[in-house]
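One-letter residues, chain by chain:
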6 protein chains.
Amino acid sequence: MVKVLSHLDDQGKARMVDVSGKVQTSREAIASCVVKMGEDAFSALLDKSVPKGDVFSTARIAGILAAKRVDELVPLCHPLPLNFVGIDFDLIPEERAVKITATARTTAKTGVEMEAMTAATVAALTVYDMLKALEKGIVITNIQLEYKSGGKSGTWKKEA
Amino acid sequence: MVKVLSHLDDQGKARMVDVSGKVQTSREAIASCVVKMGEDAFSALLDKSVPKGDVFSTARIAGILAAKRVDELVPLCHPLPLNFVGIDFDLIPEERAVKITATARTTAKTGVEMEAMTAATVAALTVYDMLKALEKGIVITNIQLEYKSGGKSGTWKKEA
Amino acid sequence: MVKVLSHLDDQGKARMVDVSGKVQTSREAIASCVVKMGEDAFSALLDKSVPKGDVFSTARIAGILAAKRVDELVPLCHPLPLNFVGIDFDLIPEERAVKITATARTTAKTGVEMEAMTAATVAALTVYDMLKALEKGIVITNIQLEYKSGGKSGTWKKEA
Amino acid sequence: MVKVLSHLDDQGKARMVDVSGKVQTSREAIASCVVKMGEDAFSALLDKSVPKGDVFSTARIAGILAAKRVDELVPLCHPLPLNFVGIDFDLIPEERAVKITATARTTAKTGVEMEAMTAATVAALTVYDMLKALEKGIVITNIQLEYKSGGKSGTWKKEA
Amino acid sequence: MVKVLSHLDDQGKARMVDVSGKVQTSREAIASCVVKMGEDAFSALLDKSVPKGDVFSTARIAGILAAKRVDELVPLCHPLPLNFVGIDFDLIPEERAVKITATARTTAKTGVEMEAMTAATVAALTVYDMLKALEKGIVITNIQLEYKSGGKSGTWKKEA
Amino acid sequence: MVKVLSHLDDQGKARMVDVSGKVQTSREAIASCVVKMGEDAFSALLDKSVPKGDVFSTARIAGILAAKRVDELVPLCHPLPLNFVGIDFDLIPEERAVKITATARTTAKTGVEMEAMTAATVAALTVYDMLKALEKGIVITNIQLEYKSGGKSGTWKKEA
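Residues numbered from 1 in each chain as written. Chains lettered and ligands numbered in written order. Predicted model: local features only at pLDDT ≥ 70, side-chain atom pairs only at ≥ 80, totals over all residues. Heavy atoms only, no water.

An unreviewed UniProt entry lists chain A under the name Cyclic pyranopterin monophosphate synthase, from Dissulfuribacter thermophilus. Under the Sequence similarities (unreviewed entry) heading, UniProt states for chain A: "Belongs to the MoaC family." Comment text from UniProt for chain A, heading Catalytic activity (unreviewed entry), reads "(8S)-3',8-cyclo-7,8-dihydroguanosine 5'-triphosphate = cyclic pyranopterin phosphate + diphosphate". (UniProt positions renumbered as here; feature names shortened; annotations may be inferred.)

Following this line, the structure appears as structure tokens:
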């Protein structure tokens, strides 16, 4: 095979970070998002009268399962041996909103931020799915990292 | 087997909607979200100098693939034979933001809203993943349905 | 390419049934199984004091999700557009047991028995997983089809 | 964001066990189940004349693959780096039954019981699928853990 | 939201073909490939003495399962309700080769070529995996479409 | 339970290699393949005028994602914590061909050859999918291992 052109598309090509040389450390990430809705959906949520059933237990399972599949969803993520995924829900009545907080922990060569972000997001999408027959205009907002620790870059906290 | 108690947990139990009696119709849904960032990440995006590579082509593929797996991610969703998934990116320079719009189409017994919502969201998570080495404080916001058509409930449009 | 041997391994080779010529009909299947346990696990279940959390809502979601992935788990199954999956739990106190009943419905060229069987089974495995710290000797038993309807072979019911 | 209510649904919420603090050890688990059938199905199995093809080689592959996906099927399971999965079949002619035994091994922070249980179960579901055209009343029974070793709780054996 | 730039990256952006307006028709595709090896691997294959076990039954199951997941693997493929997938192996002794032929059938709005191509390919990768301890230099070659029928473009046959 | 027959099907049964006793080492594998096409498809590729969009960025993502799912596709493969997957494309104008080279790295008890082979192959299938509307006779050829290092068997290089 002669005269091969130089690598195509090298500029801009998608690259997984090579973590071969990194050491495994204990890592944690916390992410959150907020689901905002109107009165009908929020009352049904408070009354536990949503026709599709218990929103929080379903969304929690969806979020935990999604965290375990991040490497299939986000193309450049590495597969990680998760030690823990947890999801909490808080009601914010004056905003007719639910805050979702996801925590992920691993012992690995790379960080666990995407697992926390994805867990919170898929939990929020599940909340949306269960309420959408009541109100289509529900909005998921403020998906963001709250905290991370471990690895070379150390601890990071969202500014208050 | 004698004296079985009445069904447990009937109140609040998660329920897939039974679509057996529904007819297949042509359906469409459009959803959008916005990824907001600081100057460093936004400049790298504009310059196409993001170290992990081309953000938009990677995020587009991630969003399309995610739409095809919604029934695995969102527990009460039905599997749908998708006819089309498309993802568009628009820059909003004055907000240092990217707007992501996802369109999904099917011919099915139930709506395709979750496919559009999930495609937009996973595309946004991929944008976040590719930029997070530059800036951890990036926020994904305003995930919402823009439009849906088809099915018994007909056409719905987000209020302007 | 000359002198190819006759097809290898034709006897005994795994075969998907070719359903190309079949018509789509409305189909239903119901399957059940029983999870038997000792006093400690059964009390925790009754008291809702299982450390891993609410057993039934978690197992229900697991069963519903598993029904949607049967074609990935059971090699010769066809992918089916499920119309409905539902899972019910009944306590049988005198046997310290939980009966799990799964119902699956589709409109398809082939039957939905494996979806009901798999949904009941994965729900039972999830019950086992959540209780195994309390008691390792829990047994899942009597996984069986209760009922099926639709298709050329029509309605079938387990003998009483 | 002011006045957030205390965490919702804390009682009963599904929880992955946090294994961050555990050490990796060598672990093994063995599980078994039994598939009981009538004369027609059992004869076809003995004669290797099942129309869908070789039951045992298909079921073995199904069981091995299922063990590798336990963390996707059973919501609170951790992803594990499996070292080995093996599946054996034994005929019990006087009961017209097949006994399936699955062995799973890992080097991990948590046990491999669910991998063995799931491998045996999905192998059994595959046996059922391949025989159900011959006999719908086949029953899968006695899914149980036989043995486990490794980890803080050490070795456990089913009582004879 | 003002002054949005025109869609980014429109030239060259990945696009699923929109099949909304197409009609469902009966479709078939046949694809093949060849696995070429040295004497040691080929003898073990002929003698059925491969240490990892029966190559053809394992590769057949792998190919059938892969056909059902093409829409997850090949980003722009549509999910299809497969009616049939079959895989055949032929030995070509004078070339120390195995020819793998995969057939896929569906009733759908789009063609089933990628399902046949992927089934043949993943079966070949499985053959490679099972023989690679005997010989690392095995080559998979001539992956190609042999035949397709159905749909607007009608029947196509590879030139002899 | 009395008189169990000796294990069925022991000869030829599919076996995962038990890697419990192996040590984790740093491993790398490189695999390649070639996609050969006619003038129309090759011109469209050179001109970046393929209707389905940018072939290389889509195929690269497909290949990276496939490498992360090898243990689901190839039945006897072990799940591996991948450190890196990279895919490069080279044009070979005089053969109207594209050469695809995939590199995979891990720190694990077993080799990463199948991840490199599968990444190259699924990237090639994606190239085929994006070009098949232009030319159905495209052929994927010479899928082979180029290099591997690490583990007990050490370094191996394809003969020139």
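Each helix and strand in chain A was counted, giving four helices and five strands. Listing each helix as α and each strand as β along chain A from the N terminus yields β-α-α-α-β-β-α-β-β. Taking 160 residues into account, the globule formula puts the C-alpha radius of gyration at 15 Å, and chain A, at 19 Å, lies well above it. Reported as C-alpha extents along the three principal axes, the dimensions of chain A are approximately 70 × 35 × 25 Å. (Helix = DSSP H or I, 4+ residues; strand = E, 2+ residues; numbered from the N terminus. Rg over C-alpha atoms; globule rule 2.2 N^0.38 Å.)

In this section: the interface of chain E and chain C. Counting from both sides, the interface comprises 28 residues of chain E and, opposite them, 26 residues of chain C. Between chain E and chain C, the buried area comes to about 2,300 Å², and carbon and sulfur atoms account for 55% of it. Applying the counting rule to chain E against chain C returns three salt bridges. Its salt-bridge partner being Asp88(E), residue Lys13(C) comes within 2.4 Å of it at the nearest N-O pair. Our count for the chain E to chain C interface comes out at eight residue pairs in polar contact (both at pLDDT 80 or more). When contributions to the side of chain E that touches chain C are tallied by element, the ones reaching two or more residues are helix H2 (55-67), strand S2 (82-92) and strand S3 (97-108) of chain E. If one sorts the elements of the side of chain E that touches chain C by residue count, S2(E) sits on top with 10 residues. Among the residues making up the side of chain E that touches chain C, the classes are represented as 15 nonpolar, three polar and 10 charged. (Contact = heavy atoms within 4.5 Å. Buried area = accessible area lost by both parts, 1.4 Å probe. Salt bridge = Lys/Arg side-chain N within 4 Å of Asp/Glu carboxyl O. Polar contact = N/O pair within 3.5 Å; in protein donor to acceptor, adjacent residues only side chain to side chain. Nonpolar A, V, L, I, M, F, W, Y, C, P; charged D, E, K, R; others polar.)

Of all 11 residues that make up strand S4 (residues 139-149) of chain B, nine are buried, and the element is covered over most of its length. When strand S4 (residues 139-149) of chain A meets S4(B), the two strands line up antiparallel, connected through two bridges. Residue pairing in the sheet places Ile143(A) in a bridge with Ile140(B) of S4(B). Taken together, the eight bridges between strand S1 (residues 25-36) of chain B and S4(B) define a ladder with antiparallel strand orientation. Across the sheet, residue Ala31(B) finds its bridge partner in S4(B), namely Leu145(B). Summarising the sheet, S4(B) and strand S5 (residues 156-157) of chain B pair through two bridges and their orientation is antiparallel. The residue of S5(B) that forms the bridge with Tyr147(B) is Lys157(B). Counting the residues in the hairpin turn of S4(B) and S5(B) gives six residues, including Gly150(B), whose phi is positive at 95°. (Buried < 20%, exposed > 50% of the residue type's maximum accessible area, 1.4 Å probe, protein only. Pairing = 2+ DSSP bridges.)

Another aspect to go through is the pattern of salt bridges. Within this structure, the stated rule accounts for 69 salt bridges over all chains. Close ionic contact of Lys99(F) with Glu146(F) constitutes a salt bridge, the shortest N to O distance being 4.0 Å. Remark: Glu146(F) occurs in strand S4 (residues 139-149) and Lys99(F) occurs in strand S3 (residues 97-108); sequence separation between them is 47 residues. Given the relative accessible area of 19%, Glu146(F) is considered buried. In the salt-bridge network here, residues are joined through shared partners; they are Arg69(A), Glu72(A), Arg69(B), Glu72(B), Arg69(C), Glu72(C), Arg69(D), Glu72(D), Arg69(E), Glu72(E), Arg69(F) and Glu72(F).

Put simply, the two copies of the chain differ by a rotation about an axis and a shift along that axis. Of the transformation superimposing chain F on chain E, the axial component is 0.0 Å and the angular component is 180°, with the fit at an RMSD of 0.0 Å. The relationship between the two copies is best expressed as a two-fold rotation axis. Relative to the rotation axis, the closest C-alpha in chain F is found at Thr141(F), a distance of 2.1 Å. When you check the interface residues of chain F against chain E, 100% turn up at the interface there too, and the contact is symmetric in its surfaces. (Least-squares fit on C-alpha atoms with pLDDT ≥ 70 in both.)

In this section: the arrangement of the chains. Separated throughout, chain B and chain D approach each other most closely at a C-alpha pair spaced 10 Å apart. A minimum C-alpha distance of 10 Å separates chain C and chain F, which share no contact.

Mapped onto the present numbering, the UniProt feature "binding site: substrate" (unreviewed entry) falls on Leu76(A), Cys77(A), His78(A), Met114(A) and Glu115(A). Considering the C-alpha atoms alone, the annotated residues occupy 40 residues of sequence yet fold into one spot, their largest mutual distance being 12.7 Å. By the secondary structure assignment, Leu76(A) is in the loop between helix H3 (70-73) and strand S2 (82-92). Secondary-structure assignment places Met114(A) in helix H4 (residues 113-131). Excluding anything up to four places from it in sequence, Met114(A) contacts Val70(A), Val74(A), Cys77(A), Leu125(B), Tyr128(B), Asp129(B) and Lys132(B).

This next bit is on the relation of the copies chain E and chain C. With an RMSD of 0.0 Å, chain E superimposes on chain C once it is rotated by 120° and translated 0.0 Å along the axis. On the angle and the small slide along the axis, the relation comes out as a three-fold axis. When each C-alpha of chain E is compared by its distance to the rotation axis, Pro81(E) comes out closest, at 4.7 Å. Comparing interface residues between copies, only 4% of those in chain E also lie at the interface in chain C; the contact surfaces differ.

Turning our eyes to something else, we now look at the packing of helix H2 (residues 55-67) of chain A against helix H2 (residues 55-67) of chain C. Relative to each other, H2(A) and H2(C) sit at 60°, their axes nearing to 10 Å. On the basis of their axis angle, the class for H2(A) and H2(C) is oblique. For the crossing formed where H2(A) meets H2(C), the hand is right-handed. Residue-level inspection shows Ser57(A), Thr58(A), Ile61(A) and Leu65(A) of H2(A) in contact with H2(C), the latter providing Ser57(C), Thr58(C), Ile61(C) and Leu65(C). (Axes fitted to C-alpha atoms, helices over the stretch in contact; angles between N-to-C directions. Parallel < 35°, antiparallel > 145°, perpendicular 65-115°, else oblique. Left-handed = near helix turned anticlockwise from the far one by under 90°.)

Let's shift gears to the interface of chain F and chain E. In this assembly, 45 residues from chain F lie in contact with 45 residues from chain E. One salt bridge in this structure joins Glu72(E) and Arg69(F), with 2.7 Å as the shortest N-O distance. Here chain F is connected to chain E by 11 residue pairs in polar contact (both at pLDDT 80 or more). Per element, the largest residue contribution to the side of chain F that touches chain E is 11 residues, and it comes from helix H4 (residues 113-131) of chain F. Taken together, the residues of the side of chain F that touches chain E sort by class into 22 nonpolar, 11 polar and 12 charged.

Residue and element names in this part refer to chain A. Looking at chain A, the pLDDT average stands at 93 and 93% of residues meet or exceed 70. In the predicted structure, residues 1-6 sits below a pLDDT of 50 and forms 15 contacts with residues beyond four places in sequence or in another chain. The ipTM, which scores confidence in the relative placement of chains, is 0.95 for this predicted complex, and the corresponding pTM is 0.96. (pLDDT = per-residue confidence, 0-100.)

A covalent bond bridging the sulfur atoms of two cysteines is what the word disulfide describes. Taken as a whole and judged by the stated rule, the model has zero disulfides over all chains. Left without a disulfide partner, Cys77(B) is nearest to the cysteine sulfur of Cys33(A), which lies 17 Å away. Here Cys77(B) falls in the buried class, since its relative accessible area comes to 7%. (Disulfide = S-S within 2.5 Å.)

Time to look at H2(E). For H2(E), which comprises 13 residues, the first-to-last C-alpha distance of 18 Å matches the rise-based estimate of 18 Å (1.5 Å per residue) to within 8%. Measuring from the side-chain oxygen of the N-cap residue of H2(E) to the backbone nitrogen of Phe56(E) gives 3.4 Å; that N-cap residue is Asp54(E). (Expected span 1.5 Å × (residues − 1).)

On to the nonpolar core, then. Of all hydrophobic cores here, the largest spans 336 residues; its most connected members are Ile100(A), Ile100(B) and Ile100(C). Those residues in contact with Ile100(A) that lie beyond four places of it in its chain are Ala31(A), Ser32(A), Cys33(A), Val35(A), Ile87(A), Asp88(A), Phe89(A), Ala120(A), Ala123(A), Ala124(A) and Val127(A). (Core = buried A, V, L, I, M, F, W, Y, C linked by side-chain atoms within 4.5 Å.)

A separate point is the packing of aromatic side chains. Residues and elements named next belong to chain B. One pass over the full model with this rule turns up six aromatic pairs over all chains. Where Phe56 meets Phe89, the ring centres are 4.8 Å apart and the plane angle is 45°; that geometry is what we call tilted. Here Phe89 lies in strand S2 (residues 82-92) and Phe56 lies in helix H2 (residues 55-67), a separation of 33 residues in the sequence. For the residue pair Phe56 and Phe89, the accessibility class agrees, reading buried in each case. (Phe/Tyr/Trp six-rings, centres within 6.5 Å; stacked < 30°, edge-to-face > 60°.)

Residue and element names in this part refer to chain D. Take Thr101: it is sitting in strand S3 (residues 97-108). By relative accessible area, which is 18% here, Thr101 ends up buried. Discounting chain neighbours no more than four positions away, the residues touching Thr101 are Ile30, Ala31, Ser32, Gly86, Ile87 and Asp88.

One can find Pro75(D) in the loop between helix H3 (70-73) and strand S2 (82-92). You can call Pro75(D) buried: its relative accessible area is 0%. Once the C-alpha coordinates of Pro75(D) and Met16(D) are considered, the two residues, 59 residues apart in sequence, prove to be 8.4 Å apart. When residues no more than four places from it in sequence are discounted, the contact partners of Pro75(D) are Ile61(A), Ile64(A), Leu65(A), Lys68(A), Thr58(C), Ala62(C) and Thr126(C).

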